[in-house]
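# Reading the structure
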Amino acid sequence: MRLQRRSLLVLLLTPPLLARGAGIVGVRMWPAKDYTRVTIESDTLLVATHALVTDPPRLVIDVQGIALDAGLRELVGKVRPGDPYVAAVRVGQYQAQVVRLVLDLKQPVLPQQFTLEPVAAYRHRLVFDLYPTEAPDPLLALVREKEAAEALASQAIQDALGELIARVDKPGMPQPAAPPLPAPKPSTTPRPPPPITAEEKRRIDRLIIVALDPGHGGEDPGAIGPTGLREKDVVLAIALQLRDHLNAMPGMRAMLTREADFFVPLNERVNKARRVQADLFVSIHADAFTRPEARGASVYALSTKGASSTTARWMAQKENAADLVGGVNLKVADSQVMRAMLDMSTTAQIKDSLVVGQEVLQRIGHVGQLHKRRVEQAGFAVLKAPEIPSILVETAFISNPEEEARLRDEDFRRDLVDALATGIRRYFAKNPPLARNRPL
Ligand SMILES: [Zn+2]
């Protein structure tokens, strides 16, 4: 009898509370090797707690002040078979005002929980990022890729890469900003490299590593064309094609800052390139502009003294806002490291970036129209690696209906990729990189 009365009380109390409580706007999952993100978007700020449980590993999340609804149940169906971390999601009304989510894990994770204020088209977001307990070694990943792609490649090149890994792990090397993770264990270092011969040294000197950075991703769609083409999708397609193109060139190796549809913070894109000691950083975009008639490709380099045009300034501001939309956990973002990086001298980097930018601009000018005939400059956060020539290519204006159609067109994308690869190759032919054992 008492129980019944209590249930009645809950029933009476629940509707008004929920009416001014949270309504779920959407639930999303972004699985990736780097980390898997779970986003719960709601019309008010959600309060939640989480706990890790072992045997079998799972993450238990209690969200306060909401009732289980169809929106939340959708999360169950959002788990993809290829998700590296999440095997399944279960949801249930745990208490009258508490919904419990249980994420069955494929491997132990380091979870990060944070909330994001409403921004752009988004309302309040409650975010769970599941990171691996051991960060993968990017150089080792490059080696493995190379081994798979070039099974017949000479042992010397592999040894050369092994030697590179050892050099990166040497103490005393300036460390890039730490990812939001504990430092990777040194035990992940492969076998100690054999002594290096003169021939091997020559090969290292000639191995060129290009970091390709498809803009946006995950929660950040980038610009959206008049018929719905998303910048994040088209630039990923271009970057994947360009990677294959560059990898087919002798002595060239491309790596991507993201290979899937997930969000990478701007400084982490730069860090990824620095960790593999890239010789060049190319960020790929296809943005919108305020005027739909704006058209043509542009190439940007960094500026430390203001933008070269109002369009360039506008573009940089827009790109630099990606972290807000994509969603960065401010608690772990290392602002001090970022600031130190911005203070480093970039004069030489900018000079080299303008040279490679001009080379690329010339080639893409043969494929389509150019927005401007010279490389423009502005304060793009993603171009700030102090030691790596860095350019940002706006391939076309996705806001222009004609250019959106071209971006959809496989032939146009292939021509564009050919042009980018040719520009990059010509730059390195004229400006061979110094031996990789630059002073560390
Ligand atoms: Zn963009």
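The structure contained in this document is the topic of the report that follows. Keep in mind that what you see is a predicted model, and the values were worked out from it rather than measured.

## With respect to the overall build of the protein chain
Per the secondary structure count, the protein chain includes 13 helices and 14 strands. Buried positions account for 50% of the 440 residues belonging to the protein chain. Of the roughly 20,600 Å² of accessible surface on the protein chain, a fraction of 57% belongs to carbon and sulfur atoms.

## A short note on the pairing of strand β1 (residues 24-30)
Counting buried residues in β1 gives 6 out of 7 residues, a clear majority hidden from the surface. Examined bridge by bridge, β1 and strand β2 (residues 36-42) share 6 bridges and lie antiparallel to one another. Each bridged residue has a counterpart across the sheet, and for Gly26 the counterpart in β2 is Glu41. The antiparallel pairing of β1 with β2 creates a hairpin that spans 5 residues between the two strands.

## Remarks on unusual backbone geometry
Here the residue pair Asp55 and Pro56 is connected by a cis peptide bond, since its omega of -15° sits within 30 degrees of zero. Tracing the backbone through its elements, the reader meets Pro56 in the loop between β3 (47-53) and β4 (58-64). In the Ramachandran plot, Asp55 falls in the positive-phi region, its phi being about 55° despite a non-glycine side chain. Locating Asp55 in the fold gives a position in the loop between β3 and β4. At Gln277, a residue that is not glycine, the phi angle is positive and equals roughly 50°.

## A word on the pairing of β4
Most of β4 sits out of view: 5 of its 7 residues are buried. Across 7 bridges, β3 lies against β4 in antiparallel orientation. Within the sheet, the bridge partner assigned to Ala51 lies in β4 and is Val60. The antiparallel hairpin formed by β3 and β4 contains 4 residues in its connecting segment, where Asp55 sits at a positive phi of about 55°. In the sheet, β4 pairs with strand β6 (residues 98-105) via 7 bridges, with the strands oriented antiparallel. Across the sheet, residue Gln64 finds its bridge partner in β6, namely Val98.

## Structural notes on the coordination of the zinc ion
For the zinc ion, the full set of protein donor atoms is His216 (NE2), Glu231 (OE), His285 (ND1), Asp287 (OD) and Glu319 (OE), and the range of their distances to it is 2.1 to 2.4 Å. Owing to a relative accessible area of 0%, Glu231 belongs among the buried residues under this scheme.

## What about the packing of aromatic side chains?
All told, the structure shown has 6 aromatic pairs when counted by the stated rule. With a centroid separation of 4.7 Å and 85° between ring planes, the pair formed by Phe289 and Trp314 is classed as edge-to-face. Of the two residues, Phe289 is situated in the loop between β11 (280-285) and β12 (298-302) and Trp314 in helix α8 (residues 310-320); the sequence distance between them amounts to 25 residues. Seen in terms of ring centroids, Phe289 and Phe397 are 6.0 Å apart; in terms of plane orientation they differ by 50°. Their pairing is tilted.

Reading the values: rules and limits
- Residues numbered from 1 in each chain as written.
- Predicted model: local features only at pLDDT ≥ 70, side-chain atom pairs only at ≥ 80, totals over all residues.
- Heavy atoms only, no water.
- Helix = DSSP H or I, 4+ residues; strand = E, 2+ residues; numbered from the N terminus.
- Buried < 20%, exposed > 50% of the residue type's maximum accessible area, 1.4 Å probe, protein only.
- Areas by Shrake-Rupley, 256 points an atom, 1.4 Å probe, with all protein chains shown as cover.
- Pairing = 2+ DSSP bridges.
- Donors = N, O, S within 2.8 Å, 3.2 Å for Na, K, Ca; no water.
- Phe/Tyr/Trp six-rings, centres within 6.5 Å; stacked < 30°, edge-to-face > 60°.

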